Amino acid sequence: MKKQPTKKTKFIFITGGVLSSLGKGLAAASLGALLESRGMTVTFQKLDPYINVDPGTMNPFQHGEVYVTDDGAETDLDMGHYERYTNAVMAQKNNYTSGRIYYSVIMKERHGEYLGGTVQVIPHITDEIKQAVLQLDGAVDVAIIEIGGTVGDIEGLPFIEAIRQLRGDLGREYTLFIHLTLVPYIKTAGEMKTKPTQHSVKGLLASGIQPDILVCRTETPLSADLKKKIALFCNVEPDSVITAVDVESIYEVPLRLHAEGLDDRVLEKLGIWTGAPYIKPWEELVYRIKHPRHTVTIGITGKYVELKESYKSLNEALVHGGIANHVKVEFRYINAEDLEGRDPAEILQECDGILVPGGFGSRGMEGKIKAITYARENKVPFFGICLGMQLSVVEFSRNIAGLDGAHSTELDQETPYPVIYLMKEWLDFRTGKTEIRDENSDMGGTLRLGAYPCRLREGTLAYTAYRREEISERHRHRYEFNNLFRDQLEKAGLVVSGTSPDNTLVEIIELADHPWFLGCQFHPEFKSKPMKPHPLFREFIKAALTRSQKH
Ligand code: GLN
């Protein structure tokens, strides 16, 4: 059954031109923040042109991090921006790929739903896209839909066609097209050049879409003359040419776009009346970021250190932890392999805190364990996330509990002490289903994904941070703490400070005789926001600050 528009929700479609990485996701998130600051409710959707059904199996080197939602969807990292900037809660329905759209159409074809018909890009794929978009209809005042990729890409055409049709279906007062482009400064000419923007808008026009607003990424603000020129060539009003100038902190973007009048133009064009925006919290946030009182250095010992995008949420959560403590966080990315066969102090002694993030596979494993030993022995604040937590259990087992050769079975299937292992029979208390699996099970189906409750033990670092008994955090991992070793490890001094409510899954571990040493099986970075720094990141940075002031 096709859903009819409710006429409650207005849709803003954001496309990108000239080149990728212009910050479409940030622009979308910032616009959402501005609309919320006027009392409106917003949601988002990202339509990604690639064929993977979701980014779950994509290499973080290529695609950046996989962002996990409460409902366990493995999504594009832009979902992270949306959640960090607004109150919107992202879920499976907020991220579609071409692969997912095609998959669903092909399944329908197999089930005979198009009986007798020839299944085609138009109307079948485009209808499927439109239905995906319209799922958001009715729930909020404004839905911001970001089209991945760049206008002119072959892959993106069905999405562009679908949003073109949606303007016709929903009407002008319910739809708005924003196009994000680049206005480069060409040094040899000493000028900013508008031609790429003109071409990009022409490309969009060829697909039947006239943008209503242009957001132009530039190094320096566009002059009134240049805005006029762009307006003339691209059929928009000069005040609908918005400059998005490069900024120091990404949290300045909402303020800059507001100063350029983006939200005013959007509301005007959509015929929405709201009160004045309340942007003071954003101003205070940016002030705080720009006026830190201290600096701490955090060493991140991982595998994807070359590409910052692969630890996007983690980096942001550390920044937020800094904001909570008036601290600027300096990042030191350490390739774990560089620690192997070396004195870790050479690399780590400058760090006020050490973090081992999540990850898959065995590369750099011993280097990460070495970093953990260093943090434990030298009482450097340590934060282990997911794989980082698992390895801190391995490190403790080997070096304190005397379990020589202890390991995770992900990394050594022959280990005499499998302290981290794959639960063969596992009751998923979210779905109520018992999963049976082994090392050879299908990779996609065996992850523990999404939000799970966790109960905290009083008097622990975790409890001090959260100040409550039950929390909910997001997961994305296959292996778990092995309860066979729990007694033995606890007797040796390992503190189990958080478990699943039924006490079967160990979710947080700590060390008692250490200023701050904590490992968690979940990914707290997905729930940190600049305005609401995550308690564990806040406390970790606080501990790093204390250490930096002593040394
Ligand atoms: N590779 C580990 C597992 O599957 C940890 C995953 C992670 O850090 N996200 O359990």
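Residues numbered from 1 in each chain as written. Predicted model: local features only at pLDDT ≥ 70, side-chain atom pairs only at ≥ 80, totals over all residues. Heavy atoms only, no water.

Caption draft 1: Examining a nonpolar patch on the surface more closely. Residues Tyr102, Ile106, Val121 and Ile122 make up a contiguous nonpolar surface patch of roughly 330 Å² in combined accessible area. For the nonpolar patch, the secondary-structure elements that each account for two or more residues are helix 4 (98-110) and helix 5 (121-134). Within the fold, Val121 resides in helix 5. (Patch = residues over 30% accessible without salt bridge, like charges linked within 9 Å, V, L, I, M, F, W, Y side chains within 5 Å. Areas by Shrake-Rupley, 256 points an atom, 1.4 Å probe, with all protein chains shown as cover. Salt bridge = Lys/Arg side-chain N within 4 Å of Asp/Glu carboxyl O. Helix = DSSP H or I, 4+ residues; strand = E, 2+ residues; numbered from the N terminus.)

Caption draft 2: Structural context of the site of the ligand. Near the ligand the following residues occur: Gly358, Gly359, Phe360, Cys386, Leu387, Gln390, Glu410, Arg476, His477, Arg478, Tyr479 and His523. In the model, an oxygen atom of the ligand is placed 3.0 Å from a nitrogen or oxygen of the Leu387 main chain. Within the side chain of His523, an N or O atom sits 3.1 Å from a nitrogen atom of the ligand. In the complex, 99% of the free accessible area of the ligand, which totals 290 Å², lies under the protein chains. When contributions to the shell around the ligand are tallied by element, the ones reaching two or more residues are helix 15 (387-399) and strand 21 (470-477). (Near = heavy atom within 4 Å. Polar contact = N/O pair within 3.5 Å; in protein donor to acceptor, adjacent residues only side chain to side chain.)

Caption draft 3: The arrangement of the environment of Cys454 in detail. Relative to the helices and strands, Cys454 resides in strand 20 (residues 448-456). With a relative accessible area of 1%, Cys454 lands in the buried category. In sequence terms Cys454 and Gln549 are 95 residues apart; their C-alpha atoms lie 33 Å from each other. Apart from the residues within four sequence positions on either side, Cys454 is in contact with Glu469, Glu470, Ile471, Gly498, Thr499, Pro501, Glu507 and Ile508. (Buried < 20%, exposed > 50% of the residue type's maximum accessible area, 1.4 Å probe, protein only. Contact = heavy atoms within 4.5 Å.)

Caption draft 4: Quick look at the packing of helix 14 (residues 365-377) against helix 15. Helix 15 packs onto helix 14 with a crossing angle of 70° between their chain directions and a minimal axis gap of 9 Å. By the angle between their axes, helix 14 is roughly perpendicular relative to helix 15. For the pair helix 14 and helix 15, the sense of crossing is right-handed. Contacts between helix 14 and helix 15 involve Met365, Glu366, Lys368, Ile369, Ile372, Thr373 and Arg376 from the first element and Leu387, Gly388, Leu391, Ser392, Val394, Glu395, Arg398 and Asn399 from the second. (Axes fitted to C-alpha atoms, helices over the stretch in contact; angles between N-to-C directions. Parallel < 35°, antiparallel > 145°, perpendicular 65-115°, else oblique. Left-handed = near helix turned anticlockwise from the far one by under 90°.)

Caption draft 5: Quick look at the pattern of salt bridges. Counted by the stated rule, this structure contains 35 salt bridges. Linking Arg110 and Glu109 is a salt bridge whose minimum nitrogen-to-oxygen distance equals 2.7 Å. Owing to a relative accessible area of 63%, Arg110 belongs among the exposed residues under this scheme. The exposure class of Glu109 is partly exposed, given its relative accessible area of 31%.

Caption draft 6: The arrangement of the packing of aromatic side chains in detail. Applying the stated criterion across every chain yields a total of 13 aromatic pairs. When the centroid spacing of 6.3 Å and the interplanar angle of 10° are considered together, the rings of Phe11 and Phe13 count as stacked. As far as burial versus exposure is concerned, Phe11 and Phe13 are alike and both buried. Geometrically, the ring pair formed by Phe331 and Tyr333 is stacked, given 5.9 Å between the ring centres and 5° between the ring planes. Judged by relative accessible area, which is 24%, Tyr333 ranks as partly exposed. The ring of Tyr174 is capped by Lys10, whose NZ or CZ atom sits 4.8 Å from the centre of that ring. A cation over an aromatic ring shows up here: Arg448 above the ring of Tyr452, its NZ or CZ 5.0 Å from the ring centre. (Phe/Tyr/Trp six-rings, centres within 6.5 Å; stacked < 30°, edge-to-face > 60°. Lys NZ or Arg CZ within 6 Å of the ring centre and 35° of its normal.)

Caption draft 7: Focus on the pairing of strand 15 (residues 382-385). Side-chain alternation along strand 15 places Phe382 and Gly384 on one buried face and Phe383 and Ile385 on a second face that is also buried. Both strand 14 (residues 353-356) and strand 15 contribute to a ladder of three bridges, which runs parallel. Within strand 15, the residue paired with Val356 across the bridge is Gly384. The pairing of strand 15 with strand 25 (residues 517-520) spans four bridges and is parallel. Among the inter-strand pairings, Phe382 is bridged to a residue of strand 25, identified as Phe517. (Pairing = 2+ DSSP bridges.)

Caption draft 8: Here's a closer look at the pairing of strand 12 (residues 294-302). Most of strand 12 is tucked away: seven of the nine residues are buried. Taken together, the nine bridges between strand 12 and strand 13 (residues 327-335) define a ladder with parallel strand orientation. The residue of strand 13 that forms the bridge with His294 is Val327. Pairing of strand 12 with strand 14 involves three bridges; the strand directions are parallel. Residue Gly299 lies in a different strand from strand 14, and its bridge partner there is Ile354.

Caption draft 9: Inspection of helix 1 (residues 24-36) at higher detail. Helix length check: helix 1 (13 residues) gives 18 Å between terminal C-alpha atoms against 18 Å at 1.5 Å per residue, within 8%. Summarising burial for helix 1: 12 of the 13 residues are buried, a large majority. What helix 1 keeps buried is the set Lys24, Gly25, Leu26, Ala27, Ala28, Ala29, Ser30, Leu31, Gly32, Ala33, Leu34 and Leu35. (Expected span 1.5 Å × (residues − 1).)

Caption draft 10: Geometry of the side chain of Asn482. Summarising the element assignment, Asn482 is placed in the loop between strand 22 (480-481) and helix 17 (486-491). Take Asn482: its relative accessible area is 5%, and that puts it in the buried class.

Caption draft 11: Broad picture of empty space enclosed by the protein. Here the structure, examined in full by the defined rule, presents three cavities of 30 Å³ or more. Considering only enclosed or pocket space, the largest cavity measures out at about 90 Å³ in volume. Lining the largest cavity are 13 residues, with Thr150, Val151, Gly152, Gly156 and Ile160 sitting closest to its centre. For the lining of the largest cavity, the elements supplying multiple residues, two or more each, are strand 1 (10-16) and helix 6 (157-170). Broken down by class, the residue content of the lining of the largest cavity amounts to four nonpolar, eight polar and one charged. Computed from the structure, the second largest cavity encloses a volume of approximately 40 Å³. Every residue along the wall of the second largest cavity is listed here: Ile14, Ala27, Leu31, Ile178, Leu180, Val215 and Leu262. For the lining of the second largest cavity, the elements supplying multiple residues, two or more each, are helix 1 and strand 7 (175-182). (1 Å grid on protein atoms, 1.4 Å probe; cavity = no way out; pocket = protein on both sides within 12 Å on 5 of 7 lines; lining within 4 Å. Points joined across faces, edges and corners; volume = space filled by probe spheres on them. Nonpolar A, V, L, I, M, F, W, Y, C, P; charged D, E, K, R; others polar.)

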